[in-house]
Amino acid sequence: MKNQNIYILAIESSCDDTSAAVMCNDSVLSNVVATQKIHEEYGGVVPELASRAHQQHIVPVIHQALAKANIDKNQLSAIAFTRGPGLLGSLLVGTSFAKSLSLGLDIPLIEVNHMQAHILAHFIKDEASTKPEFPFLAMTISGGHTQIVLVKDYFSMEILGETLDDAVGEAFDKTAKIIGLPYPGGPLVDALAQKGNPKAFPFPIPKVKGLDFSFSGLKTSILYFIQKQTAEQPDFVEQHKEDICASIQYTIVSILMDKLKKAVKQTGIKRVAIGGGVSANSGIRAAVQKAEKEKGWTTFIPKFEYCTDNAAMIGIVGFLKYREGDFTDQSISAKARYNIPNP
Ligand code: KG4
Ligand code: ZN
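Notes on the structure follow. Going along each chain's sequence as written, the residues are numbered from 1 onward. Here every chain gets a letter starting at A, and every ligand a number starting at 1, in the order they are written. Only residues with pLDDT of at least 70 get local features here, since the model is predicted, and only at 80 or more are side-chain atom pairs given and counted; chain-wide, interface and lining totals rely on the full set of residues. As a rule here, side-chain values come from all non-hydrogen atoms in the structure, and water together with hydrogens is ignored.

1. Side note on helix α4 (residues 168-178)
Filter applied, for reference: Accessibility here uses a 1.4 Å probe with only protein chains present; expressed as a share of the type maximum, an area under 20% marks a residue as buried, one over 50% as exposed, and anything in between as partly exposed. Each helix is a run of H or I in the DSSP string that is no shorter than four residues. Each strand is a run of E no shorter than two, and both are numbered from the N terminus.
When we look at burial in α4, the residues that qualify are Val-168, Gly-169, Ala-171, Phe-172, Asp-173, Thr-175 and Ala-176. Directly after α4, the chain includes Gly-180, whose backbone phi takes a positive value near 85 degrees.

2. Focus: the pairing of strand β1 (residues 7-12)
Put simply, the test is: At least two DSSP bridges between two strands are required for those strands to pair.
Taken across its six residues, β1 has six buried, putting it largely inside the fold. Two elements, β1 and strand β2 (residues 17-24), share six bridges in a ladder whose sense is antiparallel. Counted as the bridge partner of Leu-9 is Val-22 from β2. Counting the residues in the hairpin turn of β1 and β2 gives four residues. Examined bridge by bridge, β1 and strand β4 (residues 78-84) share four bridges and lie parallel to one another. Following the sheet pairing, Ala-10 is matched in β4 by Ala-80.

3. Some points on the sheet that holds strand β10 (residues 298-300)
As a reminder of what qualifies: Axis lines are fitted through C-alpha atoms, for helices just across the contact stretch, and the angle between N-to-C directions can take any value from 0 to 180 degrees. The contact rule is simple, with two residues in contact once any of their heavy atoms fall within 4.5 Å.
Taken in spatial order, the five strands of this open sheet run β8-β7-β6-β9-β10, and their pairing is mixed. Across the chains shown, the open sheet's two edge strands, defined by having one partner strand only, are β8 (156-162) and β10. In this sheet, neighbouring strand axes are inclined to one another by 25 degrees on average, regardless of whether the strands run parallel or antiparallel. As paired strands, strand β9 (residues 271-275) and β10 are joined by three bridges and run parallel to one another. Considered in β10, the bridge of Val-272 is made with Thr-299. Against the sheet, helix α7 (residues 236-267) contacts β6 (136-141), β7 (146-153), β8 and β9, and its axis sits at roughly 160 degrees relative to β6.

Here's what the structure looks like:
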């Protein structure tokens, strides 16, 4: 007899986090994430090291996810996995594992687009947050992505704008590195920014057409600014760290909010959902709350563990696709470049 409940094991390995989750319908029973510390000493993710670490982590992480959920692998209804986008070597580990497991257990296999999953993470059942109604705007901001998407339905999405170069998290991390902060610098910039003056050092806002973003120019102008100042005053960074961080954060948040406001104006949609690791940033949270009050927006930010890379977001897509019988077969392969499908 078939289970009434749908149990999905989800696997995420697109970048530097190995994660496995077990879902019962739209509820998370477990969501285990093994973060790879190895990259810290290199100041960024090293793809070859990431895929090796995924190979070491994947078995224990899946075991832990099943044990925490108190689910036996024979109870599973399907396996969902991240097909892309991401680092190919990293994606291959999760993809191969998911394929073998589905073959071994003789249960369906579900492929998931990582960017779509960041957005559908808003539909994970959680007492503390409400789910957005369609249509809504989703802004995904993380170390790997910066996108504004018009979400018409679960599987009907249109990318309105995205970064032409660095992702916003990279902008935080790379500028943090310029002022000597360890990787990942985003949370450290945020902490220091809260004690500084955001208008101390004005940095230029790039002029980019439409709803696209660009962050590489900002990084360069900050680099030149710091080089010039330290040539005159060697301890400039030490003396002004808080003001520098506040100014960097203010500029980045202004870039994001300018485009988000433009997207709201363009579409007339005031429901705005934010996801990705950078949504933890205090500056962006304050700006979004201000827009709620002043512009009548309704905003949605999922629990932080569903904002950063995690398998629960892959699991919710798995559940939604399972309901539609949207399965894939063993001929599927990982895809490093993989846009959100737009039917
Ligand atoms: O979603 P995530 O965990 O992984 C990726 O898919 O990249 O995002 C990580 C990124 C890093 O760039 C990190 O510096 C940034 O999110 N980040 C922050 C904050 N917390 C994490 N950036 C600014 N302020 C924060 N509080
Ligand atoms: Zn991501």
